[in-house]
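Fold and geometry: a report
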Amino acid sequence: MDRQNLTLLTDLYELTMMQGYFRNKDQNETVIFDAFYRSNPMGSGYAINAGLAQVIDLINNLHFSQEDIDYLKSLQIFDQDFLDYLKDFHFTGDIYAIPEGSIMFPREPMIKVIAPIMEAQLIETAILNIINHQSLIATKASRVCFAARGDGIMEFGLRRAQGPDAGVYGARAAVIGGCIGTSNVLAGQLFDIPVKGTHAHSWIMSFPDEYTAFKAYSEIYPNACLLLVDTYDTLKSGIPNAIKVFTEMRDAGIELKNYGIRLDSGDLAYLSKKARKMLDGAGFPDAIISASNDLDEYLIDSLKVQGAAITSWGVGTHLITAKDCPSFGGVYKLAAIKGKDGEFIPKIKLSENTEKVTNPGNKTIYRIYEKESGKIKADLICLVDETFDETQDLMLFDPIEPWKKTKLKGGTYTMREMMVPVFLQGKCVYDSPKVMDIRAYCQQELETLWPETRRLVNPHKVYVDLSKKLYDIKIDLLDKMGAE
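The paragraphs below set out a description of the structure included in this document. (Residues numbered from 1 in each chain as written. Predicted model: local features only at pLDDT ≥ 70, side-chain atom pairs only at ≥ 80, totals over all residues. Heavy atoms only, no water.)

**Brief notes about the packing of helix 2 (residues 52-60) against helix 6 (residues 124-148)**
Rule in force here: Whenever a helix is involved, its axis is fitted only over the stretch in contact; in every case the axis is a line through C-alpha atoms, and angles between N-to-C directions fall within 0 to 180 degrees. Per the convention used, a helix needs a DSSP run of H or I reaching at least four residues, while a strand needs a run of E reaching at least two, with both numbered from the N terminus. Should an angle fall under 35 degrees it is called roughly parallel, over 145 degrees roughly antiparallel, and 65 to 115 degrees roughly perpendicular, with every other angle called oblique. With the far helix as reference, a near helix turned anticlockwise by less than a right angle produces a left-handed crossing, and one turned clockwise produces a right-handed crossing. Any two residues having at least one pair of non-hydrogen atoms within 4.5 Å are treated as being in contact. Just so you know the grouping, Ala, Val, Leu, Ile, Met, Phe, Trp, Tyr, Cys and Pro go in nonpolar, Asp, Glu, Lys and Arg go in charged, and all remaining residues, Gly too, go in polar.
For the pair helix 2 and helix 6, interaxial distance at closest approach is 9 Å and the crossing angle is 160 degrees. Here helix 2 is positioned roughly antiparallel relative to helix 6, judged by the angle of their axes. As helix 2 runs across helix 6, the sense of the crossing is right-handed. For the pair formed by helix 2 and helix 6, the contact residues are Leu52, Gln54, Val55 and Leu58 on the first element and Ala126, Ile127, Ile130, Ile131 and Gln134 on the second. When grouped by side-chain class, the residues that make up the contact of helix 2 with helix 6 number seven nonpolar, two polar and no charged.

This is the structure in structure tokens:
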């Protein structure tokens, strides 16, 4: 995090290929690479794009320092003229991307890089490292928040994250995905996101008794008094002592706000309902009941079904590590090479696995919405020079099973191009919003999904189709390659 120059955050073969292109300068054509993913993580019906701001930082600071060059020289696999070339290296190409916080679906470009192949090749690994991680955590967070049905979710998994970077950028992504704040103070400082927290069991244990610990905490934080009640006995000790402190605060004329209890163990459904009854009976119907303890979207959903009286949730390990899905699976594939006439020549990668066959050419994405509801009908991947008239009928078809077709009548749908320019000729032309603004945009994006697509198990699939023009190019390339 304190190293802005991440140029060497790459795989060695990117650099060895760069030297190969340097040796064969006529092979350093301008190319197009697409970064995309093949399937939604966690069995979700969608994913959330996150990490673009860090990609921008990467590109803006892309250069080889003398220390970097000295290290590469020590590997004894790079020639001096190539190392001399690296001294003045910088990115000169174009980058287009889906904005952070956007809903996205499999096989459509998250990021498109148009640059000399040496430059495009070098940044592959770092782009995937950044986008894969943050998109994974943002998607997980959105699922957890959906399960909570409007209750606030706080991310507090720093101590369980896979290192400082994962903890900090994971917290950022979790807030983009819907969390109201984080316990991570450094993330709060870096990204201007709310930081929240209470106290640990050790606070209680360091005092002679539970009541004294609660009393001391309330005196220090009267306007943020959330007491952890399960250190000894939740129902017989913790909640009664919390009620005693709240009563004393009220009797002293302190306005009770942002106060309540936290449960961190035991049967959360049972204990929260008992706690609610005790708090209400004592005259504290607005007291918060917060819960933690290895929560994820499935457990939160189950607790909600059971009628748990919890209104605030702290989610740590399962969120910050995306425990049930440790990787996002984004890839970076060559889609086109600029020919001598200046036109891009489409390229395709074949595979025995159908889902690994790439989509060729210089592409963009249009999102199609049902005009009446504003909900997503489908995404359409097409070539950048294609245009569409929303007043005309639009035929969509499944690119895997093309006999499956849907006709949208003109005037019943709207279209929005998803990819925006981020770098043009090496210069950044995009201003990254603040994280809380990205979060707000993400919430708007999530509202465009049908409820069936957001459900946690067996969600409805949003179709990602190809335009007829792009489909024909893909089939023609496949036919030609199959005939060789």
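**Overview of the packing of aromatic side chains**
Any aromatic ring pair is given by two values, namely how distant the centres are and how the planes are angled relative to each other. Using the following cut-off: Between the rings of Phe, Tyr and Trp (Trp by its six-membered ring), a pair exists once the centres lie within 6.5 Å; its type follows the angle of the planes, with under 30 degrees stacked, over 60 edge-to-face, and the other angles tilted. Residue burial is assigned from relative accessible area. The probe radius is 1.4 Å, only protein chains are included, and a residue is buried under 20% of its type maximum, exposed over 50%, and partly exposed in between. Placement of a charge over a ring requires the Lys NZ or Arg CZ to be within 6 Å of the ring centre, with the centre-to-atom vector within 35 degrees of the ring normal.
Applying the stated criterion across every chain yields a total of 18 aromatic pairs. With 4.8 Å between their ring centres and 50 degrees between their planes, Tyr37 and Phe328 make a pair best called tilted. With Tyr37 in strand 1 (residues 30-37) and Phe328 in the loop between helix 14 (317-320) and strand 12 (330-338), this pair connects stretches of sequence that are 291 residues apart. The burial state of Tyr37 is the same as that of Phe328; both residues are buried. Seen in terms of ring centroids, Tyr85 and Phe89 are 6.2 Å apart; in terms of plane orientation they differ by 75 degrees. Their pairing is edge-to-face. You can call Tyr85 partly exposed: its relative accessible area is 29%. Under the relative-accessibility criterion, Phe89 is labelled buried at 5%. Grouping aromatic residues by their ring pairs yields a cluster made of Phe22, Phe64, Phe78, Phe82, Tyr85 and Phe89. Sitting above the plane of the Tyr96 ring, Lys112 keeps its charged end 4.9 Å from the centroid. In this structure, Arg172 is placed above the aromatic ring of Phe191, and the distance from its NZ or CZ to the ring centre is 5.6 Å.

**Regarding the nonpolar core**
Nonpolar side chains in soluble globular proteins tend to be buried together. Applicable threshold: In this description, a nonpolar core means a group of buried Ala, Val, Leu, Ile, Met, Phe, Trp, Tyr and Cys residues linked to one another through side-chain atoms lying within 4.5 Å.
Val113, Phe246, Ile261 and Trp313 are the most contacted members of the largest nonpolar core, which totals 129 residues. The dominant element in this core, judged by the number of residues it contributes, is helix 6, at 13 residues. Membership of the second largest hydrophobic core comes to ten residues, among which are Ile368, Ala378, Leu408 and Tyr413.

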